[in-house]
Structures are given as structure tokens and as C-alpha cells.
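# Close look at the chain arrangement
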Amino acid sequence: MRSIVLVLALLALVLPLSARAQTADLAGVIAQYRDQIEKPSRQTVEPVVAAIAATGPQGAALLQAWGDRLLGLRKSDGRLVIAAPEGDALHLTDAATGADLGPAPEDQVTLLRPNSGVRGLISAAMAGSALSDPDPKRRAEALEALSRKGDAAQLGLLRQAMDDPDPTLAARKQRLERLLTIQYDTDPAARIAAMQSFGGDTSLEFRASLNPILTTRRVALETIPADANVADELAVGSDIPRDAAYAMLVDAGLAPARLTPQAERATLAQHIVNGMVGGVPVIELGDEAARDRAYTALEGQGLVQPAASEDEVTAALDRFHFLDVYAEPNADVTAAARAALRGTETRIGLMQAADLSLDALSLASIYFLAAIGLAITFGVMGVINMAHGEFIMMGAYTGYVVQQFISDKTISLIVALPLAFAVTFAAGVALERLVIRHLYKRPLETLLATFGVSIALQQLAKNIFGTQARPLTSPGWLDGALTFNDIVSISYIRIAIFVLALVFLGLYLFIMNRTRLGLEVRAVTQNPGMAASMGISPDRINMLTFGLGSGIAGIAGVAIGLFAKVTSELGSDYIVQSFMTVVVGGVGNIWGTLAGAALIGFLQKGIEWFNPANTLAAQTYMILFIIIFIQFRPRGIIAAKGRAAVGA
Amino acid sequence: MRKPLVLRHPSILVFLAVLAVFTVGVTILSTGYGTGVISTSMVKTLGKTLCLALAAVAMDLVWGYAGILSLGQMAFFALGGYMIGMWLMVARTETIVTGSLANLPIPPTAAEINQAVATQIFGVVGSDQFPAIWFLSGSLIGQLALVVLVPGLLALVFGWLAFRSRVNGVYLSILTQAMTLALALYLFQNDSGLRGNNGLSGLQNIPGLDAVPQESLSIWFFWASAVALGLGYLLVSWVASGKFGSVTRAIRDDEARVRFLGYSVESYKLVVFTLAAVITGIAGALYYPQAGIINPAELAPIASIYLAVWVAIGGRGRLYGAVIGAIVVSMLSSWFTGGRAPDVNLGFYTIKWVDWWQVLLGLSFVLVTLFAPKGISGIFDALAHLRPPRRGGTPLGPDMGALQEREAVE
Amino acid sequence: MNRITTAFAAAAVSAGLAGAAWAEDTIKIGVLHSLSGTMAISETTLKDTVLMMVDQQNAKGGLLGKKIEAVVVDPASDWPLFAEKARELISVNKVDAIFGCWTSVSRKSVLPVIEELNGLLFYPVQYEGEESSKNVIYTGAAPNQQAIPAVDYMMNELGVEKWALLGTDYVYPRTTNNILESYLAGKGVKKEDIFVNYTPFGHSDWSKIVADVVALGADGKKVGVVSTINGDANIGFYKELAAAGVSADDIPVMAFSVGEEELAGLDTTNLVGHLAAWNYFESADTPANKAFIDEWHKFTKNPKRVTNDPMEATMIGFNLWVKAVEKAGSTDTDKVLDAIVGLETPNLTGGEAKVLPNHHITKPVLIGEIRKDGQFDIVSQTKEVAGDAWTDFLPASAKLDSDWPDKKCGMWNTETNSCVQIKSNY
């Protein structure tokens, strides 16, 4: 059986070759298809590519260059050239003959810009021969091209080239062969076997090979043909709404249309006689009942087509079967595909839940990172700092500025993190010294004064850096994502933020519980007078604590800038959420902040899952939930007990 | 027999007199009814500023007198605007639609008119149905009632929930901020039924008054705003002056002590909060027909914070302070950002006020908070030889959340 | 209070009067673009463009023998302020034309004022259509000059069968996506093959949405993304896309709001091959474009400043206005509007922009693929497409037409042959 398929596939490939064997000289082909080569379109370029491929190795070189966008027209004589970049200039080769034309400056050549659809076709056309290319990279690319656009002919070619010295590529070929078998093999048994060989595989490409088999068409038929592969018969009213079902019949010309208000109105307008329609004066027709009367009168006079009545509609609907019919004729194949898909459902559901949890965890860690500085300044010290968001922004801009001076992304990140801490620590200390120290007894005024600082800092950032977003690029090793499978994956930058959040949680616990500073901070916040009499300087401690909280905000800024954007409004995007996180969690307790961040992160993702079309709604309902939550638990998830300000 | 309110507080009389003189003066100088020295756009700006001043008076009532720093006042302001805007849009569109449908051979049915109006209003958000919340939009009386009811009800429910669970101080401030943020995000959605980000527009064209030019309309609204400000000022002064006012200020200074004295603190706060919301809603309903457009950006949290800033700069606990703050700061803002202020050339750097005004505003705000908690009205106090009692800096009560000594003057 | 405000009023008014006094023999135009606030970065560029055009025209000897004077105001990204400033420009500064607005909300805010005072506005940004005002000339793209050809390209050239329409939640994406949904339905795309999502302005948490888009591929159909995501939010979106390893060959993203300026905030190495649809790209290889870019660099004294699509639209608008004034021999709004319909001026990418009776213009549609250097490779360029004020792909709008010179109506119902409204209903 296989061999027949193979022969067929080979024939399919060879036929166009032999047909054009006589004209197989490349220059002729180029001359013939010149327009198409210069301005190719995916829909028409296929024969051109095939013709060029048929001319032999020079044709292949031309295709390769075309796909890589290295094919151009020399401006001096309009000759089609392959232009390989060589320093600042281009090295030209005649595309038709392969003759070396020497170097030329860039502006001497108009490079052709085939779009990606055309490039896909070119690489698919070359994939067959590249499958046994000695270069493993070319083979991998060819397999990639095949997985995007395979067909029956290529299945044959692939089966010929199954042996591969590279074990990964061999496995990949094996898998691709089975995927293509599911879609393109002519033997149903082979297809079903291939489906079953995947087990409960959840990969996208497996499902992508099954789903097309299960595409259906909705039809209305009086009798069900015996050979139809019916997926489902629809009951009118429950599976398909009455109106929709009848509309299908009307569209197919199987039943007369019902009377719509627009049609009624238009018909009435055509039959105005002496200011009357069917005996009803026109002025009275601003009323549905009057219009119906007029229409019935017209029907009675035989002037208009009677519209379908309710009984006729019912009768018509009863007469027809409404079916979903598979495009695939073989019922065994569709049944097997259905079974295979059903086998993946539970696993996919679980994995989607896992992926959503990862997203939620990542969002929670971002909120936690943004809020941890606030947990110190607001949670521990009770100082409400509306400029906290602007400290985050300052950290992000510090990262951007550092990248302007240090081009190596890894080193610049290593420099930026402590520098951001230093900058915002200094800013925090300055703010504490100059403003907040005078307002410790007036929290509402602290709120307003720090808000003034926040406006000023935001505008300053705009004046210095402009309103446009600035690039802050993560180092190469943070690019990409940790991919467990096609469904569950998380980008490395998010993992890094998660790790950073954990580090700061540890750092916070260490400082507060294991160091002298932490002890003094707790002492000062619990009873400044008593602490002072023990020889602790509350002024100094307040200053250091506030600086620490601000410094952490700066580092959070670098992290947030790396994964999102750096603008002057970066801080205000996070400030309300950060306060929410701290308040929901319970002021004065780092575990509370953690719980708050987790609650908000998971809640938001949960709402997004219910309503994937509208992310804005998710944010709205999340805030609404928090407002209501605070009404019932004003002290947050983990309420501080008694006078203890810090508990960990 | 107690003296009438205005005699006990001569500042009210002075304020009303100044307001009257100002209103008449602007009218005489206006394009619509006077010499034309003041352009119509300037009249509109002044009218809008009076509305903002009314909102500031309400803000002063909740913050300066009751000690609730509400950072969500502009939500009520915008709701008032939305409520009146709904009627303005529907009534105006109805005139247009009936006009065009009347040309048809067959007269339109009520359903057809309704459908056409809905398509015109909601076509921009891809809908042709009236959302349920527009059920009263055909009636001016109905929507005017909603101007009062919707902000009032929101304040009542929100306040009841918050005060009942004893959320106060900065927590309450953050919560009110979250409320206005949630409302803004909700209105930003296209499906909210209030035309999403587009908001309601063309509100300056009053249905049925097509023949009246904007020059005259602007003066009418200016007068309406002035009258509203005058009445609102009287009402708030009356509320703040009697026994009710005393209890309110006592709550501000020491909530727990008032509760122990047997007063229902929550009810007092709730009344003040709701009343202020209603007044703010009315101010908004007068503001937006002058502005011409309302969209959810109007109730972004920042707008409410600015309102607090104005009151703080003008002087809390002084109603005229709130008015002065709102007028001075908002007019200064529009002067500086309007590009009218001349650039200052320092030789090495040219200060463009468009860029630096916000910095200046932010910093001056810090300075006022630190060094002049009484704001601009402190100048009037000094003129009137009002001085706070010398208490050697000891606070009036143990509640650190409330404002102390300096505010207990009145 | 009284003294302070009247002092301000007097100061403002006298400033206005002074402006009017010495400007007797100039033709004045208003520039209504935000110079502060969130829209400043985009709109400041357009203000500079107008000023450059004014300089060039004055160097050529001005207009009708007079110099052109630009009155620049700052509506500060505040929508009500746009209306206020427009009123001021027309009634106090007496400008003859206004070049301005970027967002649709700002245009809707200005419309009633312009129509009431019979002003003239040139609006230079691609927008959602569904509007035609007597007093506005729309030089940006209507949906059929950007969205529809872009979708056609994805369908025909990239073979996209399943669609993800991602947008920021405001009117332009909403309306554009509505139009696209019904257009795609007309092309036989099933409802379940269209995924729609709206995110807030400045959204940064894209992981779930990108995962949703990738999961669409499970049907075995080629997935394509049409992005109407606005401004800064694009940065997070493209970063997440790159992190998820989504290449342009697997899932191409066609953006309508991402141009040369937006890409400046990004590392574009991972975005190579994703697409954008505009009516102009800086990389267009024509002598006119080269001259324009050189002028621009000279005017801004910054050889790196990029040019973009709304700048070209502003330039076209200005040139059309100049031609119309010359033809009418007057700056009177009605005479200019009578003269302007049918006028043509060259595009920077080749071809002519012609003003149509519906006050839109003809524009070529260009599709570009993102290059490593943040510029675009132009992979497709159509002939000029006539801008359609009322889209043919929404049932309520398909029957509407706009024809100012003949029917004097911007919203003409072709079924009943009557004018629905003469003034816009904002």
C-alpha cells in the first residue's frame, strides 16, 4: 500500500518537472516569470517556484536567495542578481548563470521583498530536497517548513528520507511522518493507526492534525442521504434557534421569507393611494397595529405577496432535517479522531489550569514586588507614601540610563540593580528628612504632601526622558520561555521576577527578625518614646527604614521595566494596586502582603478566565471585590494583633 | 432667639456679595449680553470654575469639617454630568431623528424612532439598542432626579458599608480612591452602556434652544452656576454652623470620644458624606453642559486628588478657602498650561511653563502642607486677627488620624 | 476672588486683542495638538510638521500675497479643553483653518464647536470612520483604507484562516473590529474562528492573552493577529510575544497603530517579520519622501527623528488647503470647501491624494514587515483607495452615503433618499 502512495507522490512531483524539461534553462524561466518574481503573490507564485526549482542547482540557489531576501535588481541594467552582504557593500552574482559580478554599493541594487507567505512557499518547495541535505540546520529548517505546510506529495518525500544521523531530527521526522499520515494518507486504517499511536498527546500539532478532519458543514435536507457522514442532527428550538433554522431555509431558497418591519414598511410605501394604504390613512401608520391592518387589507386585495405565516414556518421546519455533516466521508476516521481528541480533553483542561496558575503566580509576584517596599513604609512605619510608585519609576529609568552607558545587557543589569537601590534609597531618605518627618502625626497630610511629590517627580521624568516609552532590554539569557509543553509555559523574565520576589521576602524576614536594625525598627514603631530611652535614635531608624522601603521599590522598578515598559506613568499604574495589596493582606505583616498579592493575582486571572474577551472588566471587578472585601475584613487577611506592628 | 445664620457668620454675606458683583461684572463684559471684552470661551471657563468651586465647597464639608479625606469626590461630579448628559443626548438626537424620519412617505412608529435614536447614539460603540440604564433618559425631570439620586445613593451605600465597618483615616481615603478607579474602569468599557471611552459629547447644544447662540447660553449657564454656588455655600454653611456642625467637627477631632458621648457617629458621617455627594453631583450636572463632553477620564483618581489639593491650598475648614483654592489653582493651571505664560529664559535653560507647571504645583503643595496648613485663607484669618488658642502644641485628642489644634479654630 | 479672576480674564483678553491687532495682513491657521499630557509625544510631532509646512509656504512667498501665521495652542490631552481651545481659535484668534486632533474623542469634542462656528478642521490620523462633517477634511485613513486591505493581505498572502482581533478598549479598536468581524463573516469565516479581546490602556500583563492566541492553533488553521493595541501597551505585548517564541511565520501580527515611533521603545530583533499597515512608511523609496525626510531633519535639527504616517497626512492636508485657498481666491470656509473637493496633491509614496465629495481622500495602502532596525520593509502597496466615510460592512452604515458638493449632506440614506442629518450628531 505504502509503495503505491509513494509512487503517486513521486509522480506528483515529477510531472511538472518533465512537462517543463524542455524549457528548463533558468534564464528562460526568469524571463518568462519576470513580473511574478519582482512582485510575487502567494496565490499565484507556486508554478513559478516549481519552474525555477526544476532547473537544477542554480535554480535552487536562486530560490534560497529569494527566500532570504537577497535577490535584487541591479539598477544599471535591470539584471536579476543574488546580492550577498559583504561588509557595507553587496557582493553580486548573476542569478541566472551564477557568474560573479563583483561587489557593488548598496544603493546600486533594488532588493526584492517577497512577503512571508511567498517565502513560506519557497521554503516548502525546497523542503523536499533539503530533507536529506548534509547540513543538519537545513534539515531542521526543512522539517519546520513541512510542519507548517505539508501535503500528500511531501509525505512521500519525507518517507523516503526517514533515516537521519541526528537522533533528534530522526525522532522529529518520525513524528512528522505520523502527523502527515493522519491528514494525507489515503488508507483509513493507516490514518487511524497513526492517530492511536499518539496516545493522549496534548501537543498543538497533534490536535491541529485532528481538528480539520472534524470540520462540519451545516445543511438543511429533506432526506438524509445514506452515504452522509453525519456528525449531529440538530433539534430545532434546542440545538438551533427557530429563527436561525428558518433563516437557513430562506437563504437556501427553500422557504419564503417572513415579513420584517422594514419590508412591511417599504411595501406599504409602494401602495399609497390618495393618502390611504389599504383603506388606512397614511397619517395613522405610525403604529404597528395600523400597519398590520393595512398590510392584511393589501393581501386581501391581492396586491402583495402573502408573507409566511407562523403555521407555514412550523410546517417548513418540520419538513427539513438540520444536520452537521463532516467533510471527511469516512465515518471510522472521524470517530477515531473524535476519540483521540476526547482522550486529550481532561489533560488539556488540567494543563490550562496549570498555565493559568503560573500566570496568576507571576502576576502575584509582580504585585508583591511592587508592594514589598510599601509593606515596609506603610505597613511597618504607618507612613502613607503616594510617591512610592514614582520610586518604582525612578528605578526603571535608572536601569534605562545604565543601559545607555553599558551595552552588555548582563553587566548593565548587575550594575543597575544596586544603583537603582542606591538612587531610590537616597530619594527616600531625602523625602523622609525634608517632608515626612514633619508630618508623622498627620497621616492624611502625609498622603497629600507625598502626592505633591509624586506629581512633581512624574512631570520631572517627563521633562527629562520625554513621554514616550524608553527601551529597557533584558539580557539574552532571560529571553524566551520555560516551556513544559505546548500549553504550559512561562517566560524566563517572569521566573526571574518570581525569584526576585522570594529573595526580597527572605531579605525582609532576615532584616526584621535577625538583625539589630530590624530589632530597632520594631522597637521604634511599637513605642518610639520607650525606644528612644533605650538609646535608639528614632530619627535615624525612621530614616533608614524609609530608605530601605524606597530602595526596594527601585529594584522592583528595574524588574517591572524589564518585563513591561518604562514610562513616566509606570509608577501610577501600580500605586493603587500596591496599596490594595498591603491593605487587603493586613497592614504590618509581610505574610499578609504575600497573601494579599496572591489573592489579587489569582483573582484577576480567575476573572480573566471567565471573561477572556475583556481584560478591563477583570480589573474592574477585581477592585470592586477588594472594596467589598475590606468592608467585611477591614484589617485585612492577616490582621495585626494588639500593638504588635511586626509579626513574622 | 438666635441671630440669623448670615449675621452670625458675616463671611457668608461678604462671599455672596462678592459672588454677585463678579457675576454681574462678567455679564456686563461678556460677548452675549455686554461689551464683548470677555470671550465666550472665557465665560465658559469661568462658569466651569464656579462649578468646580461648588464641588470644592462640598469637599471642604467632608474633609475640613468631618475629617473624611474622600479621594473619590469626582466620581459623584462625573455621575451628575453623565445623568444630565444622557437626557441632553437623547433629546437632541430625537429632534434630529424625528426631523429626518418625517420626510418618509409612511410616518414612523414609536419603536422606529426609538431604534433610530439608539442607532445614532450607540452606533459609535457598535450597538443599536438602548441599554437598560437609559430607561429614564427621555425625561428631563427623570434625569434631573437621577442627578441627585445616583451620586447620593452611591455615597449612601458606599458610606454605610465603610463607616459601619469603622474604616477610617487613610484606609478610607484609599478605599474612596479605589471606588472612583473602579467606576472609571467600568465606564471605560464599551459594554458599560455609557459609550465607553467616547463618553457623551456635544452636550453644549441644549435641545429646544437651537436658536439661542452659545454667547447667550454660556451666560445662562454662568448664572446658573453662580446661583448654585451661592445656594450650595449657604446650605453648607448652615449645616456646618449649628449643633449638627459642632458634632461633625467633634467627630473629626476625636471620633471615639463622640461615640462614647452617645452620638451615632456613623449616621452623622453618612449624612455629611451623602449631602456632599449630592452637591457635587449637581455641580457636575452644571459643569458638563458647559464643557461639552464627558468621558471616563474625568473620574480618574487624579482628578479627585486635585480637588483635595485645591481645598488644601485654599484652606480647609473655611468654606471661602475652598472656593478660593478651587478658583485660583484651576485658573492658574489653565493659564500656565494654556501656553499663555511667558517662558523664562535663564540663559542656560529656558523654563517652559507647560513643562514645569506640574512640578511647581506639586512642590507648592508640599510647601503649603508643611508650612501653611491653613492655606490661602490663613491670610484672611491674619487680617481678621483670628488666632488659634495657644495650647503649647499638645493635640486636642488622641486620634492621630484627625486634624488637630490648628483646625479647631472655628 | 473677584479681583483675581477678573485680572486673569483681562490679561487673557488683552493678550488675545494684542494678537489680533498686529496680525492684520497675515492669514492665520490654528494648530490644535496636545503639547503636554499623555498624547504630547505623538501630537508634538504633528505641530512641528505644520510649522515646517508654514515655513516652507512662507519661503515660497506665502498665500494670496500674505504670510501664513500659525497660532499654536495646547489642549493638554484634555478632551473638553479641545472644544474650548477650538472656540478660542475661531472666535478670538480668527483663524481660517485648524490643523489638529489625534484621538477620536478629541475630534468628537471639537466637532460641535467647529460646526457651530463654521470653522475648518484638517484631521490627520487614521480613524474608525462612521463620520462625515461639512467642516472637517479627513486626511487620515478610513477603515477601508487600512483595516480591510490589511485583512485581505493576511487572507490572500499569508493564508490566515483563524483570527485574533486584539485591541485596546476604546472606540477605534471597537469599531474597527466590528467592521472586520462582519467583513470576515462575509468572506465565509465562521464566528468561532474569530477571537476578540480588549485590554485597558497601558496594559502590561499579556501572558494569558498570548497563550490564548497560541492555543487557537489547535484547529490546524493558520492563525493571524490583527492588533489595534494602542501606544505603550504594545511594548509589553511584543515582549511577551517574543518570549513565547511566536515567530511571524507561525502567527503573524498585523498592527494598525504601531509605527516607526512606537518601535523606538523596543528591541525589534525578535519582532522581525511582524506586520503593520499604514498609508506611509519612512522607508518608502521615492524622491519626494527623501526630500521630505531631509527637510524634516533640517527643520528639527535632529538627523535621527523619524517620520510617520500622520505626518504625511498632515502635510497632505496643508497642501490641499493651500491649493483650495488659491483656487477659491479666499480663505472663507464655504468658498474653500467648495474649491477643495476634487483637488489633488502628490503623496510621498507616489500617486495623488484627491479630496472626495465625502471629505475623505484617496490613499494607497502599504503593508510593511518589521526590520531589525525598527523600520519597515514595504511588502505590498496598492493603488489609491477612495476613503469611505460610512463602511459598507456594517448593516446600519452600508445604506449611508456622504456627498457634500451635490447633496449637501454628510449622512444620506440611500434607501429612503433623504438626509438623515446635516450637522453631525457627535
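Residues numbered from 1 in each chain as written. Chains lettered and ligands numbered in written order. Predicted model: local features only at pLDDT ≥ 70, side-chain atom pairs only at ≥ 80, totals over all residues.

Naming follows an unreviewed UniProt entry, where chain C appears as Urea ABC transporter substrate-binding protein of Paracoccus limosus.

Named according to an unreviewed UniProt entry, chain A is Urea ABC transporter permease subunit UrtB originating from Paracoccus limosus. What the UniProt record of chain A gives under Subcellular location (unreviewed entry) is the line "Cell membrane". Checking UniProt for chain A, the heading Sequence similarities (unreviewed entry) contains the comment "Belongs to the binding-protein-dependent transport system permease family. LivHM subfamily." (UniProt positions renumbered as here; feature names shortened; annotations may be inferred.)

What follows is about the overall build of chain A. Scanning chain A from N- to C-terminus turns up 26 helices and 12 strands. A globule of 648 residues ought to have a C-alpha radius of gyration of about 26 Å, yet chain A, at 36 Å, is considerably larger. Based on the C-alpha atoms only, the size of chain A along its principal axes is roughly 100 × 90 × 55 Å. Once local pairs closer than 6 in sequence are excluded, the contacts in chain A between residues at least 24 apart make up 69%. (Helix = DSSP H or I, 4+ residues; strand = E, 2+ residues; numbered from the N terminus. Rg over C-alpha atoms; globule rule 2.2 N^0.38 Å. Contact = placed C-beta atoms within 7 Å.)

So, on to the overall build of chain C. The helix and strand tally for chain C stands at 14 helices and 17 strands. For a compact globule of 426 residues, the expected C-alpha radius of gyration is about 22 Å, and chain C comes in at 22 Å, within 12% of that figure. In terms of its C-alpha atoms, chain C occupies a principal-axis envelope of roughly 70 × 55 × 55 Å. By the burial criterion, 62% of the 426 residues in chain C qualify as buried. In chain C, the proportion of contacts linking residues at least 24 apart, taken out of those at least 6 apart, comes to 68%. (Buried ≥ 20, exposed ≤ 12 C-beta atoms within 10 Å, placed from the backbone.)

Residues and elements named next belong to chain B. Topologically, A55 is positioned in helix 3 (residues 40–65). Taking the C-beta count within 10 Å as the criterion, A55 has 30 such neighbours and is therefore assigned buried. On a C-alpha basis, the gap between A55 and M74 in space is 8.3 Å, while along the polypeptide they are 19 residues apart. When residues no more than four places from it in sequence are discounted, the contact partners of A55 are Q73, F77, T280, A283 and L307.

The interface of chain C with chain B comprises 45 residues on the first partner and 54 residues on the second. Contributing elements (two or more residues each) for the side of chain C that touches chain B: helix 1 (2–21), helix 3 (79–92), helix 4 (104–116), helix 6 (171–186) and strand 17 (418–421) of chain C. No other element matches helix 1 of chain C, which puts 10 residues into the side of chain C that touches chain B. Its residues placed into classes, the side of chain C that touches chain B shows 23 nonpolar, 13 polar and nine charged. (Nonpolar A, V, L, I, M, F, W, Y, C, P; charged D, E, K, R; others polar.)

Glycine aside, negative phi is the norm for most residues, and most peptide bonds take the trans geometry. All names here are of chain C. You will see that A76, though not glycine, has its phi angle at about 55°, which is positive. Within the secondary structure, A76 is located in the loop between strand 2 (67–73) and helix 3. A positive phi angle, close to 50°, is found at K408, a residue other than glycine. Along the chain, K408 falls in the loop between helix 14 (404–407) and strand 16 (409–413). When the 11 C-beta atoms within 10 Å are taken as the criterion, K408 is described as exposed.

Moving on, we come to the sheet that holds strand 17 of chain C. Residues and elements named next belong to chain C. Here three strands make up an open sheet; going across it, the order is 15-16-17 and the pairing antiparallel. Both outer strands of the open sheet, strand 15 (400–403) and strand 17, are each paired with one neighbouring strand and no more. Direction aside, the axes of adjacent strands within the sheet are offset by 45° on average. The sheet contact formed by strand 15 and strand 16 spans three bridges and is antiparallel. Bridge pairing in strand 16 places D401 opposite W412. (Pairing = 2+ DSSP bridges. Axes fitted to C-alpha atoms, helices over the stretch in contact; angles between N-to-C directions.)

Moving on to the domain arrangement of chain A. Each domain of chain A was delimited in the assignment, giving domain 1 (2–181), domain 2 (216–256 + 308–326), domain 3 (259–299) and domain 4 (349–632). Taking only C-alpha atoms into account, the centre of domain 1 of chain A sits 52 Å from that of domain 4 of chain A. (Domains from an automatic or database assignment.)

Another aspect to go through is helix 7 (residues 170–188) of chain B. Over its 19 residues, helix 7 of chain B extends 27 Å from the first C-alpha to the last, a length consistent with the 27 Å expected when each residue adds 1.5 Å. Among the 19 residues of helix 7 of chain B, 18 are classified as buried, and the element is accordingly described as predominantly covered. (Expected span 1.5 Å × (residues − 1).)

A few words on the packing of helix 7 (residues 136–148) of chain A against helix 9 (residues 167–184) of chain A. All names here are of chain A. Contact geometry for helix 7 and helix 9: axes closest at 11 Å, N-to-C directions at 20°. When the axes of helix 7 and helix 9 are compared, the pair comes out roughly parallel. The interaxial crossing formed by helix 7 with helix 9 has left-handed handedness. Residues P136, R139, A140, L143, L146 and S147 of helix 7 form the contact with helix 9, whose own contacting residues are L169, R172, K173 and L176. The class makeup of the residues in the contact of helix 7 with helix 9 is six nonpolar, one polar and three charged. (Parallel < 35°, antiparallel > 145°, perpendicular 65-115°, else oblique. Left-handed = near helix turned anticlockwise from the far one by under 90°.)

Here we come to the pairing of strand 3 (residues 97–100) of chain C. Residue and element names in this part refer to chain C. Where burial is concerned, the two faces of strand 3 agree: the one with A97 and F99 and the one with I98 and G100 are both buried. Sheet topology note: the strand 1 (residues 26–32)/strand 3 ladder contains four bridges and is parallel. When the sheet's bridge partners are listed, L32 is paired in strand 3 with G100. For the crossover from strand 3 across helix 4 to strand 4 (residues 121–123), the handedness is right-handed. (Right-handed = clockwise from strand over helix to strand, strands pointing away.)

Let us look at the UniProt feature "transmembrane region" (unreviewed entry) in chain A. Residue and element names in this part refer to chain A. Mapped onto the present numbering, the UniProt feature "transmembrane region" (unreviewed entry) falls at residues 360–384, 413–431, 492–511, 543–563, 575–603 and 615–632. Taken end to end, residues 360–384 comprises 84% helix and 0% strand; its first and last C-alpha atoms sit 27 Å apart. The span residues 413–431 carries 100% helix and 0% strand; its end-to-end C-alpha distance comes to 26 Å.

Here we take up the nonpolar core. One finds A:L369, B:A56, B:V57 and B:A308 to be the most contacted residues of the largest nonpolar core, which totals 375 residues. With residues near it in sequence (within four places) discarded, A:L369 still touches A:I497, A:L500, A:A501, A:F504, A:A556 and A:A559. The next biggest cluster of nonpolar side chains, apart from the first, holds 57 residues, and it includes A:A51, A:A65, A:L157 and A:L180. (Core = buried A, V, L, I, M, F, W, Y, C linked by C-beta atoms within 7 Å.)

The subject of this paragraph is helix 12 (residues 301–314) of chain B. With 14 residues, helix 12 of chain B extends 20 Å between its outermost C-alpha atoms, agreeing within 8% with the 20 Å of an ideal straight helix rising 1.5 Å per residue. Within the sequence span of helix 12 of chain B, burial applies to B:P301, B:S304, B:I305, B:Y306, B:L307, B:A308, B:V309, B:W310, B:V311, B:A312, B:I313 and B:G314.

Take the interface of chain C and chain A next. Taken together, the contact between chain C and chain A spans 46 residues of the former and 48 residues of the latter. Those elements that provide at least two residues to the side of chain C that touches chain A are helix 2 (40–59), helix 5 (147–157), strand 7 (194–199), helix 7 (207–215), helix 8 (233–243) and strand 14 (376–386) of chain C. Take the side of chain C that touches chain A: its biggest share by element is five residues, from helix 8 of chain C. Residues of the side of chain C that touches chain A, tallied by class, amount to 17 nonpolar, 16 polar and 13 charged.

Inspection of the secondary structure puts A:R442 in the loop between helix 18 (409–434) and helix 19 (443–465). The sequence separation of A:R442 and A:P306 amounts to 136 residues, and the corresponding C-alpha distance is 81 Å.

Residue and element names in this part refer to chain C. Taken residue by residue, chain C gives an average pLDDT of 88. The fraction at 70 or more is 94%. Helix 1 is the least confidently modelled element of chain C, averaging 44 in pLDDT, while strand 4 averages 97, the highest of any element. Every residue in residues 1–23 is under pLDDT 50, and counting partners more than four places away or in other chains gives 32 contacts. Note on the complex model: pTM 0.86, ipTM 0.84. (pLDDT = per-residue confidence, 0-100.)

Residue and element names in this part refer to chain B. Look at helix 12 against helix 13 (residues 319–337): their axes get within 7 Å of each other, and the N-to-C directions meet at 115°. The handedness of the crossing between helix 12 and helix 13 comes out as right-handed. Across from V309, W310, V311, I313 and G314 in helix 12, the residues of helix 13 making contact are G321, A322, V323, I324, G325, A326, V329 and S330. Among the residues forming the contact of helix 12 with helix 13, the class breakdown is nine nonpolar, four polar and no charged.

All names here are of chain A. Here five strands make up an open sheet; going across it, the order is 4-3-2-1-5 and the pairing antiparallel. Edge positions in the sheet fall to strand 4 (100–104) and strand 5 (109–111), since each of these pairs with one other strand and no more. Geometrically, the sheet is characterised by an average inter-axis angle of 40° between neighbouring strands, direction not taken into account. Where strand 3 (residues 89–94) and strand 4 come together, four bridges link them in antiparallel fashion. Bridged to L90 within strand 4 is A104.

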